Amino acid sequence: FWEYEGKYPYYWIAEKYFELNEWLFNGRLDNCLFEVYTSGKGMERSLGHFRFTGTNIKYDKYTRELYWADPKGGGLLRFPINRNNFVHYVKPMIGLNGHYKRTELMWLNTLVHEMCHYYTYMDGVIPVQAHGVKFRQIGALMGRKSNGIFNIKTICKNWMVAITCP
């Protein structure tokens, strides 16, 4: 992974996350955890990921609404997750794959991609498709707001040349 002005990559990710959140998302995204990974399942196929690190997070298969299931209540006690309590229950995390050598702009593009995922989940509803209509709409909006600096793709298909996929 690169060195950013002598800072660890986590500090770079956090700094850029907050800058991009203000600029592109109007500060709507809340706090987030960050990680840099270089190994693990699917590592060779992803440039980054958005995931939940909270426990007991479930969703209703019909409404797709997220909820926290109280383990002491046998799963019967459900607390709906919404924008106000999303960070508390879900504990969102954005990870970037440090295995690849990329330019700063490429890393920023991946970070914005993962931030688009955050945006699609933060109201407490699981999208039908991770890269579905809502994701593509938000990605297109980020492209327009950045005057084309960011080109949010749904997938980078050729992993052998991932370093060139913006």
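Below, the structure is looked at part by part. What you are looking at is a predicted structure, and each value in this text was computed from that prediction instead of being measured.

Under the defined criterion, the tally for this structure stands at 12 aromatic pairs. When the centroid spacing of 6.0 Å and the interplanar angle of 90 degrees are considered together, the rings of Phe50 and Phe52 count as edge-to-face. Relative accessible area serves as the criterion here: at 14%, Phe50 is assigned to the buried category. On the basis of relative accessibility, which here comes to 23%, the residue Phe52 falls in the partly exposed class. Judged by centre distance (6.1 Å) and plane angle (85 degrees), the rings of Phe52 and Phe86 are edge-to-face. You can see Phe52 sitting in strand E2 (residues 48-52) and its partner Phe86 sitting in helix H2 (residues 86-90), a full 34 residues away along the chain. Ring pairs connect the aromatic residues Phe50, Phe52, Phe86, Tyr118 and Tyr121, which therefore count as one cluster.

Neither face of strand E4 (residues 66-69) is open: one carries Leu66 and Trp68, the other Tyr67 and Ala69, and all of them are buried. Sheet topology note: the strand E3 (residues 57-59)/E4 ladder contains three bridges and is antiparallel. Counterpart to Tyr59 in the pairing with E4 is Leu66. In this structure, the hairpin formed by E3 and E4 is closed by a connection of six residues, where Arg64 is found at a positive phi of approximately 70 degrees. The sheet contact formed by E4 and strand E5 (residues 78-80) spans three bridges and is antiparallel. Paired with Tyr67 across the strands is Pro80, a residue of E5.

Helix length check: helix H1 (residues 9-24) (16 residues) gives 21 Å between terminal C-alpha atoms against 22 Å at 1.5 Å per residue, within 8%. Buried positions along H1 lie against strand E1 (33-37), strand E6 (92-97), helix H3 (104-121) and helix H4 (133-145). Positioned one or two residues after H1, Asn26 has a phi angle of 55 degrees, which is positive.

For soluble globular proteins, the rule of thumb is that nonpolar side chains tend to be buried together. Counting residues in each nonpolar core, the largest one holds 37 residues, and the members touching the most others are Phe25 and Phe86. For this core, the elements supplying multiple residues, two or more each, are H1, E1, E4, H2, E6, H3 and H4. At nine residues, the largest contribution of residues to this core is made by H3. If near-sequence neighbours (up to four positions away) are discounted, Phe25 is found in contact with Leu20, Val112, Met115, Cys116, Tyr119, Ile138, Met142 and Lys145.

Our next topic: the sheet that holds E1. Judged by pairing direction, the sheet is mixed, and its three strands sit side by side in the order E1-E6-E2 without closing on themselves. The outermost strands of the open sheet, each flanked by one partner alone, are E1 and E2. If you compare each strand with its neighbour and ignore which way they point, the axes differ by 25 degrees on average. Looking at chain direction, E1 and E6 are connected through five bridges and run parallel. Opposite Val36, over in E6, you have Leu96 as the bridge partner. Lying over the sheet, H1 contacts E1 and E6, oriented at roughly 135 degrees with respect to E1. Taken strand by strand, H3 contacts E2 and E6, and its axis lies near 155 degrees from that of E6.

Thresholds, definitions, all that
Residues numbered from 1 in each chain as written. Predicted model: local features only at pLDDT ≥ 70, side-chain atom pairs only at ≥ 80, totals over all residues. Heavy atoms only, no water. Phe/Tyr/Trp six-rings, centres within 6.5 Å; stacked < 30°, edge-to-face > 60°. Buried < 20%, exposed > 50% of the residue type's maximum accessible area, 1.4 Å probe, protein only. Helix = DSSP H or I, 4+ residues; strand = E, 2+ residues; numbered from the N terminus. Pairing = 2+ DSSP bridges. Expected span 1.5 Å × (residues − 1). Contact = heavy atoms within 4.5 Å. Core = buried A, V, L, I, M, F, W, Y, C linked by side-chain atoms within 4.5 Å. Axes fitted to C-alpha atoms, helices over the stretch in contact; angles between N-to-C directions.

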